[in-house]
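Descriptive analysis of the structure
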Amino acid sequence: MKFFSFLATLMLMVSCASTNLNSRKLSSVEKDLTGHYLGVADYKSPRKGPNKAAIRIYFHPTEGEPGKYTAVLVEYVDLLKMAPSYIISNKIPFLARRFGFLNSISRNISAYEVNPGQKENTFELWPLSVVGDQIVAKKEGEPRILTLDESEGLKNVMEGATISSVKQGEPKEIFFPKKDDKKRNGIQYGTAKLAYEKAKLDSTWRKQYLRGPYLSQYGKKDDVVLNLGKNEDGDTASFVINEKYGKGNPKKRERVFTSPLSAFLKGEFKAIEPRDGMFLLQSTESDEKTASIVQGRIGLFIDVFDASKSLGQDVVEVAFINPEDPEDFLMYYEHPDNGEGEEKKKEE
């Protein structure tokens, strides 16, 4: 009799354990954020540019640390204003020479260390900073908080999620639209979503150091201003002044670039990778002004509009961001004929 009582108790315990396992919600550590997601930056107040801007956030998991990630947050420029330049630079280069090539695709770029939050279904976003030859989380003040939606049947882990703000100038809230949340997503989000779906575009944060020539503007093939390479000591970066365009009116030259600071950079740098997919440049032979502009920035290889699979177009942007000011970044555009650094690899 005791045996049957023990057996019944054991079966009940197993049944309860199974029920709890199936019904319990996953913890923050168990939820996988890996990937990239389109969202809305809601500024909720008048400003220069759309109050509801389209953004994209990229998450890379931290190796050996479950639940931890490195994230890059990119806010798009006004896509309605950008579209003509993108099309002309891509399809009608002779018109682009007259009216101008594309040189602005992102309004601001920031990078974070992402850790599980103190509350369930939350993560803390701590801004990254550069200290010497390291990229570290700046854990001063309060972090931005990513809060996941707990509903069932979501399309992805970020659907319905929100990200708070902690600094002046940041959007009051970043949210990732959910079908029934009754929020107004804005025309920028709708335009981005439609463009990516109809053109079958992707958006990728590349972890590799992609060697090859980089241009001042998207598609302007004869204006190489940065060469990324490799020597016996490792990866290198060489900023050059294009003699064809680097003379004449300095202000006119500055307007060519994403940032006017890029106009007259010249010098040699060594590249190191303190964090996976994040690079720092250290001067080996450059003037003081160039070194002061370039060093201390985090280098990222991001293909904002990745058409490599749909249209066979492979142009990655390399951005050197200022961790203290997300609107201050240098950006250069990979030569369309370079591929994934293939031409450079063949030479070695």
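Please refer to the structure higher up on the page.
Residues numbered from 1 in each chain as written. Predicted model: local features only at pLDDT ≥ 70, side-chain atom pairs only at ≥ 80, totals over all residues. Heavy atoms only, no water.

For the structure shown, the criterion picks out 22 salt bridges. When the shortest N-O distance is used, the salt bridge between Arg-107 and Glu-75 registers 3.7 Å. In this pair, Arg-107 is assigned in strand β4 (residues 106-116) and Glu-75 in strand β3 (residues 69-76), connecting sequence segments 32 residues apart. Taking the shortest distance from any N to any O, the salt bridge between Lys-207 and Asp-276 comes out at 2.7 Å. Here Asp-276 lies in the loop between β14 (267-275) and β15 (278-286) and Lys-207 lies in the loop between β10 (202-206) and β11 (212-215), a separation of 69 residues in the sequence. Take Lys-207: its relative accessible area is 33%, and that puts it in the partly exposed class. (Salt bridge = Lys/Arg side-chain N within 4 Å of Asp/Glu carboxyl O. Helix = DSSP H or I, 4+ residues; strand = E, 2+ residues; numbered from the N terminus. Buried < 20%, exposed > 50% of the residue type's maximum accessible area, 1.4 Å probe, protein only.)

By the criterion of burial, β10 is predominantly enclosed, with four of the five residues buried. Both β10 and strand β16 (residues 298-306) contribute to a ladder of four bridges, which runs antiparallel. Its bridge partner lying in β16, Thr-204 is registered against Asp-303. (Pairing = 2+ DSSP bridges.)

Bringing the packing of aromatic side chains into the picture now. By the definition in use, this model includes 14 aromatic pairs. Aromatic pair Phe-239 and Tyr-332: ring centres 5.9 Å apart, planes at 65°, arrangement edge-to-face. In this pair, Phe-239 is assigned in strand β13 (residues 234-239) and Tyr-332 in strand β18 (residues 325-334), connecting sequence segments 93 residues apart. For the pair Phe-239 and Tyr-332, a shared accessibility class is recorded, and that class is buried. In this structure, Arg-47 packs its charged tip against the face of Tyr-43, placed 3.6 Å from the ring centre. The residue whose ring lies beneath Arg-56 is Tyr-196, and the NZ or CZ to ring-centre distance is 4.4 Å. (Phe/Tyr/Trp six-rings, centres within 6.5 Å; stacked < 30°, edge-to-face > 60°. Lys NZ or Arg CZ within 6 Å of the ring centre and 35° of its normal.)

Turning our eyes to something else, we now look at unusual backbone geometry. With phi around 65°, Asn-121 is a residue other than glycine that occupies positive phi space. Along the chain, Asn-121 turns up in the loop between β4 and β5 (122-131). What makes Asn-121 buried here is its relative accessible area of 2%. Here the phi dihedral of Lys-200 falls at roughly 55°; this positive angle occurs in a residue that is not glycine. With respect to the secondary-structure elements, Lys-200 resides in the loop between α4 (187-198) and β10. When its relative accessible area of 64% is taken as the criterion, Lys-200 is described as exposed.

Look at helix α2 (residues 79-91): 17 Å from first C-alpha to last across 13 residues, which is about the 18 Å you get at 1.5 Å a residue. Looking at α2, one finds that the buried residues are Leu-79, Met-82, Tyr-86 and Ser-89. The buried residues of α2 occupy an angular sector of 90° when the element is viewed end-on, so they sit on one face. Exposed and oriented more than 90 degrees from the buried face of α2 are Lys-81 and Lys-91. Buried residues along α2 sit against β2 (52-61), β3, α3 (93-99), α4 and β16. For α2, the side-chain oxygen to backbone nitrogen distance between the N-cap and Leu-80 is 3.1 Å, and the N-cap itself is Asp-78. (Expected span 1.5 Å × (residues − 1). Arc of directions from axis to C-beta. Contact = heavy atoms within 4.5 Å. Polar contact = N/O pair within 3.5 Å; in protein donor to acceptor, adjacent residues only side chain to side chain.)

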